[in-house]
Amino acid sequence: MKPILDLVTKLGPARIAAMAAVTLTLVGFFAFVILRVSRPDMGVLFSDLSMQDSSAVIRELDARGIAYETKGELGQTVLAPRTDLAKLRMDFAGKGLPAQGGIGYEIFDKGDAFSSTSFVQNVNHLRAMEGELARSIRAIGRVQAARVHLVIPERRLFERDREAPSAAIVVKLMGDLDPSQVRAIRHLAASAVEGLKPERVSIVDERGRLLADGARGAEAEGAGALEERQAGIERRMRAQIEEIVAGIVGQGRARVQVTAELDLNRVESRSESFDPESRVVRSTQTRSENSLTGGAEGQVSVGNELPGANQNQPPPQQKDSSQKNEEVTNYEISRVTKVETLEGGRLKRLSVAVLVDGVYAPGADGKAAYQPRSDAEIARIAALVRTAVGYDKARGDQVEVVNLRFAETPAAAEFAEPGLIQSFLSPSKEDVMRLVELAVLSLLTLIVLMAVVRPLLRRVLESDAPVAALAGPALALAGAGGEGPTEIAVRENSTNKFLESAKINGQIQAETVERVVDMVRASPTETVEVLRNWIHDS
């Protein structure tokens, strides 16, 4: 116990406090590193959860004793150990978590089919259809949440006119839906419900905007489709023209506007044509007729049957005979019947306006000077535009290409590398991680230098300098006086102890000087010899 106390007394309270601070710092650092390394890597288990689903998932994780983290103001994202993500998702799916604010056909797994009435079964079936449709709609990229309401009229006996079903869908979006995506949602709902037509489906977003009107009918739906088609034609042609013109005048140095006029009339025409040169015998009918005419001879009558009637008859007259042949041939003439139906939405006329900037060349003063483009170049650009849009003069298309100076001058392209200040203002993720690592290493190095190396250096310097200054004269005098090694070692120990006590009371200098003076008085000859040797060596 005494050596320990002596060591503590020798070190002093300042050194003990420094050593304790260094020890605590190192222990804390290594504990942080160990906890950081032993902490499981977390991954996203579920995201974009409602408050009900997030609460249910957290309760299940607490019951299983699994570490988790939540992110977001309302805990929409739940993180779990990455190694257990697949297993947890499968287990939660078996339990119907997360429910995502709706229920599907699993509602029939929880109820009793024998004790439920037909009304309850119908309501559950409607709820299941709405939940399944909502899940399918949420699978679309920009749809964050969805809710579906179905109105299916009840079938009644002896009812001829049945009202058509309808649907209303409320969606929460991350961005905006394209018209094609809105149309896809309507067709998805119509295909999933018997008797439901796409034009009977209304869609509203979370901001109250009507994305699709289910009360306008098929005609309004057709008009909307035509407007969408017109906008699509104009957008496609504008992109084609900008691409081909930008390759000539430069990116951003052309402005293009396209107006497509569509014919919304639906035209149906029927025509029949006959070809007299192309005929085929369909049927032939031939009839022959022979006839013989003459007097009354041989005719049966009352007068001719009387006795002696033939004696007074005149001589027989000459008989007439005739023959008639008739032939009828029926021909089948080829006939072509054509039925043409032209649907609405045909391109009726096209108008294209292209504005191109001039050429900027360095002038005499070194600045960019504007120069208009030549007529030949404008004509070639116009010819390319006509070919790209399918120009038809008979249709009344118009293509106009004009060269005018733009209000803004194109900036000179500079390919200078980003400077040091720009790199600090816009650091990348790798730069941030590198700076963090350097900061941690620098902090640890500073702590070690200030808490470990500096006290050690101070202790060595403070303890060795006085000993080196006094050991030389002391050893020289001791050698001249004939003292042995044991006496020299004892003197060194006493000197060290004396220095330690001098640090406490501040009297080391006076006592050392007095001792040296005594040694000089006792041995003046040896002292002179030692001084001569020092002078000669120096």
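Keep in mind that this is a model prediction, so the values were computed, not measured.

Asks: I keep staring at the overall build of the protein and nothing clicks. Help me out?
Replies: A tally of helices and strands in the protein yields 14 helices and 14 strands. Accessible surface computed for the protein: about 38,900 Å², of which carbon and sulfur atoms make up 56%.

Asks: What am I meant to see in the pairing of strand β12 (residues 359-362) here?
Replies: Consecutive residues of a regular strand have side chains that alternate between opposite faces of the sheet. In the sheet, β12 pairs with strand β13 (residues 368-371) via 4 bridges, with the strands oriented antiparallel. Each residue of the ladder has a partner; that of Ala361, found in β13, is Ala369.

Asks: How should I be thinking about the sheet that holds strand β8 (residues 254-263) in this particular structure?
Replies: Hydrogen bonds between backbone atoms are what pair the strands of a sheet, whose relative direction is either parallel or antiparallel. Strand order in this open sheet of 3 strands is β8-β11-β14, and the pairing throughout is mixed. Sheet topology places β8 and β14 (398-403) at the edges, where each strand pairs with a single neighbour. If you compare each strand with its neighbour and ignore which way they point, the axes differ by 10° on average. In the sheet, β8 pairs with strand β11 (residues 346-356) via 10 bridges, with the strands oriented antiparallel. Bridge pairing links Glu261 to Arg349 in β11.

Asks: Sorry if this is basic, but what is going on with a nonpolar patch on the surface here?
Replies: A contiguous nonpolar patch, built from Phe119, Val120 and Val123 and spanning about 270 Å² of accessible area, is present on the exposed surface. Mapping Val120 onto the fold places it in helix α5 (residues 118-138). Under the relative-accessibility criterion, Val120 is labelled partly exposed at 35%.

Asks: When you look at the side chain of Glu234 in this model, what are you seeing that I'm missing?
Replies: As for its position among the elements, Glu234 is in helix α7 (residues 218-249). Once residues lying within four places of it in the same chain are set aside, the contact partners of Glu234 are Val258, Thr259 and Ala260.

Asks: Could you clarify how one ought to interpret the pattern of salt bridges in this entry?
Replies: Two side chains of opposite charge can pair, provided their charged atoms sit close to one another. Applying the stated criterion across every chain, the model contains 15 salt bridges. Across the pair Arg142 and Asp178 runs a salt bridge, and its minimum N-O distance is 3.8 Å. Of this pair, Arg142 sits in the loop between α5 and β4 (143-151) while Asp178 sits in the loop between β5 (166-173) and α6 (179-192); the two residues are 36 residues apart in sequence, bridging distant segments of the chain. Accessibility expressed as a relative area gives 35% for Arg142, which makes it partly exposed. Residue classification places Asp178 among the partly exposed residues on the basis of a relative accessible area of 35%.

Asks: I would appreciate a short explanation of the sheet that holds strand β3 (residues 77-81) in the present structure.
Replies: Sheet architecture is open: 3 strands sit in the order β1-β3-β2, paired in antiparallel fashion. Each having just a single partner strand, β1 (42-46) and β2 (69-71) make up the two edges of the open sheet. Here the strands of the sheet are splayed against their neighbours by 40° on average, with no regard to which way each runs. Bridging between β2 and β3 involves 3 bridges; their strand directions are antiparallel. Across the sheet, Thr70 pairs through a bridge with Val78, a residue of β3. Strands in contact with helix α3 (residues 85-94) are β1 and β3; relative to β1, the strand with the most contacts, it is inclined by about 15°.

Asks: Any chance you could explain the packing of aromatic side chains here in plain terms?
Replies: When we look at a pair of aromatic rings, we describe it by the centre distance and by the angle of the planes. Applying the stated criterion across every chain, the model contains 2 aromatic pairs. A ring pair is formed by Phe46 and Phe92, whose centres lie 6.0 Å apart and whose planes are at 25°; its orientation type is stacked. Of this pair, Phe46 sits in strand β1 while Phe92 sits in helix α3, and the two are 46 residues apart along the sequence. With respect to burial, Phe46 and Phe92 carry one shared label: buried. Ring geometry for Tyr360 and Tyr370: centres 5.5 Å apart, planes at 65°, overall edge-to-face. Residue Tyr360 is found in strand β12, and its partner Tyr370 is found in strand β13; the two are separated by 10 residues along the sequence. By relative accessible area, which is 19% here, Tyr360 ends up buried. Among the residues examined, Tyr370 registers a relative accessible area of 23% and is labelled partly exposed. In this arrangement the basic side chain of Arg386 is found over the ring face of Tyr391, its NZ or CZ atom lying 5.8 Å from the centre.

Asks: Teacher, can you tell me more about the nonpolar core here?
Replies: It is characteristic of soluble globular proteins that their nonpolar side chains tend to be buried jointly. Counting residues in hydrophobic clusters, the biggest one holds 22 residues, and the most contacted among them are Ile137, Ile169, Val171 and Ile203. For this core, the elements supplying multiple residues, two or more each, are α5, β4, β5, α6 and β6 (201-205). Apart from the residues within four sequence positions on either side, Ile169 is in contact with Ile137, Arg147, Val148, Ile185, Ala189, Val201, Ser202, Ile203 and Val204. Grouped together as the second largest cluster of nonpolar side chains are 21 residues, Ile233, Met237, Val245 and Ala254 included.

Asks: Can you help me understand the confidence of the model for the protein in this one?
Replies: Caution applies to low-pLDDT parts of the model: their predicted coordinates are not meant to be read in detail. Averaged over the protein, the pLDDT score is 76; the fraction of residues at 70 or greater is 72%. Overall, residues 467-490 carries pLDDT values under 50, and its contacts beyond four positions in sequence, including any with other chains, amount to 17 contacts.

Asks: What exactly am I supposed to notice about the environment of Phe274 here?
Replies: Relative to the elements of secondary structure, Phe274 occurs in strand β9 (residues 267-293). Along the primary structure Phe274 and Ile333 are separated by 59 residues, whereas in three dimensions their C-alpha atoms are 6.8 Å apart. Those residues within four positions of Phe274 in sequence are excluded, and the remaining contacts are Ile333, Ser334 and Arg335.

Asks: Honestly, the environment of Glu408 in this entry has me stumped. Any pointers?
Replies: Secondary-structure assignment places Glu408 in the loop between β14 and α10 (420-425). On a C-alpha basis, the gap between Glu408 and Arg253 in space is 10.0 Å, while along the polypeptide they are 155 residues apart. With near-sequence residues (within four places) excluded, Glu408 lies in contact with Arg253, Arg255 and Tyr360.

Asks: Explain the packing of α5 against α6 here, please?
Replies: To describe two helices that pack against each other, one gives the angle between their axes and the distance between the axes. The geometry of α5 relative to α6 is characterised by a closest axis approach of 11 Å and an angle of 150° between their N-to-C directions. The orientation of α5 with respect to α6, classified from their angle, is roughly antiparallel. As α5 runs across α6, the sense of the crossing is right-handed. Every residue of α6 that contacts α5 at Met129, Leu133, Ser136 and Ile137 is listed here: Ile185, Leu188, Ala189 and Ala192.

Basis of the calculations
Residues numbered from 1 in each chain as written. Predicted model: local features only at pLDDT ≥ 70, side-chain atom pairs only at ≥ 80, totals over all residues. Heavy atoms only, no water. Helix = DSSP H or I, 4+ residues; strand = E, 2+ residues; numbered from the N terminus. Areas by Shrake-Rupley, 256 points an atom, 1.4 Å probe, with all protein chains shown as cover. Pairing = 2+ DSSP bridges. Axes fitted to C-alpha atoms, helices over the stretch in contact; angles between N-to-C directions. Patch = residues over 30% accessible without salt bridge, like charges linked within 9 Å, V, L, I, M, F, W, Y side chains within 5 Å. Salt bridge = Lys/Arg side-chain N within 4 Å of Asp/Glu carboxyl O. Buried < 20%, exposed > 50% of the residue type's maximum accessible area, 1.4 Å probe, protein only. Contact = heavy atoms within 4.5 Å. Phe/Tyr/Trp six-rings, centres within 6.5 Å; stacked < 30°, edge-to-face > 60°. Lys NZ or Arg CZ within 6 Å of the ring centre and 35° of its normal. Core = buried A, V, L, I, M, F, W, Y, C linked by side-chain atoms within 4.5 Å. pLDDT = per-residue confidence, 0-100. Parallel < 35°, antiparallel > 145°, perpendicular 65-115°, else oblique. Left-handed = near helix turned anticlockwise from the far one by under 90°.

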